[in-house]
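# Fold and geometry: a report
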Amino acid sequence: MTGTRTGDVMTAIRSRIASRALAPDEKLPSIRSFAKRMNVSPSTVVDAYDRLAAEGIIRSQRGSGFYVCSPLAPLDLATIGPKLDREIDPFWVSRQSLDAETDMLKPGCGWLPPDWMPNDGIRKAIRKLARASDALLSEYGSTRGSKKLRHFLGRQLADEGINARPEQIMLSISGTQAIDLICRFLLRPGDSVIVDDPCYFNFQALLKAHEVNVVSVPYTASGPNMQRFAEALTAHKPRLYITNSALHNPTGATMSPQTAHQLLTLAAKHDLTIVEDDIFSAFEPSSSPRLASLDGLERVIRIGSFSKPLSASIRCGYIAARADWIEALIDLQVATNFGGPSPLTSEMLFHILSDGSYRKHMEDVRQKLSKKRLSVAKELSALGIVPWLMPRGGFYLWCTLPEGLDSAHIAREALKHNLVLAPGNVFSPSQTMAHYMRFNVSQMSDPKTLTVLKNVIASSRN
Ligand SMILES: Cc1ncc(COP(=O)(O)O)c(C=O)c1O
């Protein structure tokens, strides 16, 4: 349309609206007068007004003329997409778990109990911070974030086979913010993005906020179903795929080397970028193949965070990617947050991570989790709740419920007894997982958890 007469009229009206020379709900100039002013025929103005009306920028009122539309309604995430039962809305588990009173039991939440965390190390680091320089206590941090912490991360990534040069790493405020920045960088409203079905529920929530088209591909025990993935690539031409290749949330599955290879081959053919969210990497008993290492950070962006192994209160995440992408992501982080995580947070993290006790803490946690996975799987199986697979690590068990039970109903009933659960459809973009439930084994030590679950299941069967 640019360069045509109709396009010129449209541009003129758009810029009057943008500059508020034409206010919301104000009447547009009549067709005849605007045609004269723009030196075009009235039919050109009619065509331009009709096109602007089709775009929703102006509206026609019968017998009266054209008016500027009211400003767009504010973005309300709950109203985007199909209207869901509140219990299976992606925000439901987040809100229930984040806002739960301290006496509530939370096998539906996605973190370890406070007494499993390296609290002594955190306290020691806080004491060290009391002696920090005035500058550290009061100034903004650098745009990439703490150099010491980035170097530490670089070494850690190298241990996993990911060779990231210093200019390929930046710190972010959290894993969630890292993905948000990447979405801002790569996506425009209406683009398509592939996620797994099931996937971490907040991927869906975040993608809603970016007003993109979410395409889901069934997830198998060895990664996405590759035939369906290939079909989705052809049908939707997605820009991005977001996944966890190791200790996938919610299933606990790990991608096989064959799937990783097929995925990267297809990604290259279709110019697809992959976000490998490796938030659970510290929980793996031994490193599994990483898309980021196989691809050499060309079209794979690796993100991570310390919320799960260390503390969700000390918020800090990171991104490893192509150096030119990191430059653009840093600009976005400056624009939206005037920098990354607080320098105090980064310094505290560096003290904790570089203290020898952190490694020991993670060894203990992995061991405790491996016992818990087995014992909780046994207890759940006795109630007819069966793990879909036995994960190599981490704290999730993705389970099927006894025949005929609906997990949203069970979650709703359990909440009446102060038990927060994570029903399957919260994780399912296709809404086909009503008979699944995700359990966090680390949050199931209180015997009341199983008692409530047992009673709720019994009463739901009646
Ligand atoms: C897969 C996955 N990615 C990201 C996050 C959020 O991480 P952060 O706390 O760093 O924002 C979570 C939290 O549960 C998660 O499960």
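Presented here is an overview of the structure given in this document. (Residues numbered from 1 in each chain as written. Predicted model: local features only at pLDDT ≥ 70, side-chain atom pairs only at ≥ 80, totals over all residues. Heavy atoms only, no water.)

## A look at the overall build of the protein chain
Which entries qualify depends on this criterion: Segments assigned H or I by DSSP are reported as helices when at least four residues long, segments assigned E as strands when at least two residues long, and all are numbered from the N terminus. In this scheme, a residue with accessible area under 20% of its type's maximum is buried, one over 50% is exposed, and one in between is partly exposed, where area comes from a 1.4 Å probe on protein chains only. Note on contacts: a residue pair qualifies if any of its non-hydrogen atoms lie within 4.5 Å across the two residues. Surface accessibility in these figures is a Shrake-Rupley result with a 1.4 Å probe; residues are shielded only by whichever protein chains are displayed. We treat Lys and Arg as the positive residues and Asp and Glu as the negative residues; His and chain ends play no part in the count. To locate a charge, take NZ of a lysine, CZ of an arginine, CG of an aspartate or CD of a glutamate.
Counting its secondary structure elements, the protein chain contains 17 helices and 14 strands. Once the C-alpha set of the protein chain is aligned to its principal axes, its extents read approximately 80 × 65 × 45 Å. Classification of the 462 residues of the protein chain by burial places 52% in the buried group. Partitioning the contacts of the protein chain with sequence separation of at least 6, the portion at a separation of at least 24 is 73%. When the accessible surface of the protein chain is totalled, it reaches about 21300 Å², and 52% of it is carbon and sulfur. With 54 positive and 45 negative side-chain charges, the protein chain shows a spacing of 1 Å between the two charge centroids.

## Some thoughts on the site of the ligand
For clarity, the cut-off: Here, proximity means that at least one heavy atom of the residue falls within 4 Å of the molecule or strand. For the purposes of these results, a polar contact is taken to be a pair of N or O atoms within 3.5 Å, where, inside protein, one atom must be able to donate a hydrogen and its partner to accept one; residues adjacent in sequence count only when each atom of the pair is a side-chain atom. All residues other than Ala, Val, Leu, Ile, Met, Phe, Trp, Tyr, Cys, Pro, Asp, Glu, Lys and Arg, Gly among them, are scored as polar; the first ten of these are nonpolar and the last four charged.
If you check the shell around the ligand, you find 13 residues, and the closest are Thr176, Asp277, Ser305, Lys308 and Arg315. Between the ligand and the protein, one listed contact pairs an oxygen atom with a side-chain N or O atom of serine 305 at 2.7 Å. One nitrogen or oxygen atom from the side chain of arginine 315 is found 2.7 Å from an oxygen atom belonging to the ligand. A total of 400 Å² of accessible area belongs to the ligand in isolation, and the protein chains cover 94% of it. Along the lines of polarity and charge, the residues of the shell around the ligand split into three nonpolar, seven polar and three charged.

## A short note on the side chain of glutamine 204
Here glutamine 204 is to be found in helix α9 (residues 201-209). Judged by relative accessible area, which is 12%, glutamine 204 ranks as buried.

## What to know about the side chain of arginine 290
Within the secondary structure layout, arginine 290 lies in the loop between β8 (273-277) and α12 (291-295). Of note is the side chain of arginine 290, whose polar atom sits 3.0 Å from the backbone oxygen of serine 288.

## What about unusual backbone geometry?
Put simply, aspartate 197 and proline 198 share a cis peptide bond, and its omega is 10°. Within the secondary structure layout, proline 198 lies in the loop between β4 (192-197) and α9. For the bond from asparagine 249 to proline 250, the omega torsion is 15°, close enough to zero to count as cis. The phi torsion at aspartate 271 lies on the positive side, around 55°, for a residue other than glycine.

## Concerning the sheet that holds strand β13 (residues 422-423)
As a reminder of what qualifies: Strands are treated as partners if at least two bridges between them are detected by DSSP. Axis angles are defined between N-to-C directions and span 0 to 180 degrees, where every axis is a line fitted to C-alpha atoms and, for a helix, only to the segment in contact.
If you trace the four strands from one edge of the open sheet to the other, you get β11-β12-β14-β13, paired in antiparallel fashion. Taken across any chain shown, the strands that pair with only one partner, and hence form the sheet edges, are β11 (386-387) and β13. Sheet contacts for helix α15 (residues 357-382): β11, β12 (396-400) and β14 (436-440); angle to β12, the most-contacted strand, approximately 20°.

## Let's talk about the pairing of strand β2 (residues 65-68)
When strand β1 (residues 58-61) meets β2, the two strands line up antiparallel, connected through four bridges. Bridging from a neighbouring strand, serine 60 pairs with phenylalanine 66 of β2. In textbook terms, the turn of a hairpin is the stretch between consecutive antiparallel strands, and for β1 and β2 this stretch comprises three residues, one of which, glycine 63, has a positive phi near 75°.

## Focus on the sheet that holds strand β7 (residues 240-243)
Reading across the sheet, the eight strands line up as β3-β10-β9-β8-β7-β4-β5-β6 and stay open at both edges, with mixed pairing between neighbours. Looking along the sheet, the strands with just one partner apiece sit at the ends: β3 (169-172) and β6 (223-224). The pairing of strand β5 (residues 213-220) with β6 spans two bridges and is classified as antiparallel. Bridged to threonine 220 within β6 is glycine 223. Against the sheet, helix α8 (residues 175-186) makes contact with β3, β7, β8, β9 (300-305) and β10 (317-320), and its axis sits at roughly 155° relative to β9, the strand it touches most.

## Quick look at the nonpolar core
Rules: Remark: nonpolar core denotes a set of buried residues (Ala, Val, Leu, Ile, Met, Phe, Trp, Tyr, Cys) joined through side-chain atoms within 4.5 Å.
In this structure, Phe229 and Ile319 are the most contacted members of the largest nonpolar core, which totals 116 residues. The element contributing the most residues to this core is α15, with seven residues.

## Side note on the state of the cysteines
We apply this condition: Put simply, a disulfide is two cysteine sulfurs that come within 2.5 Å.
The tally for this structure, following the rule as stated, stands at zero disulfides. We note that cysteine 109 lacks a disulfide partner, and the nearest cysteine sulfur, in cysteine 399, lies 15 Å from it. Judged by its relative accessible area of 0%, cysteine 109 is buried. No disulfide involves cysteine 199; its sulfur sits 12 Å from that of cysteine 183, the nearest cysteine. Cysteine 199 sits in the buried class, given a relative accessible area of 1%.

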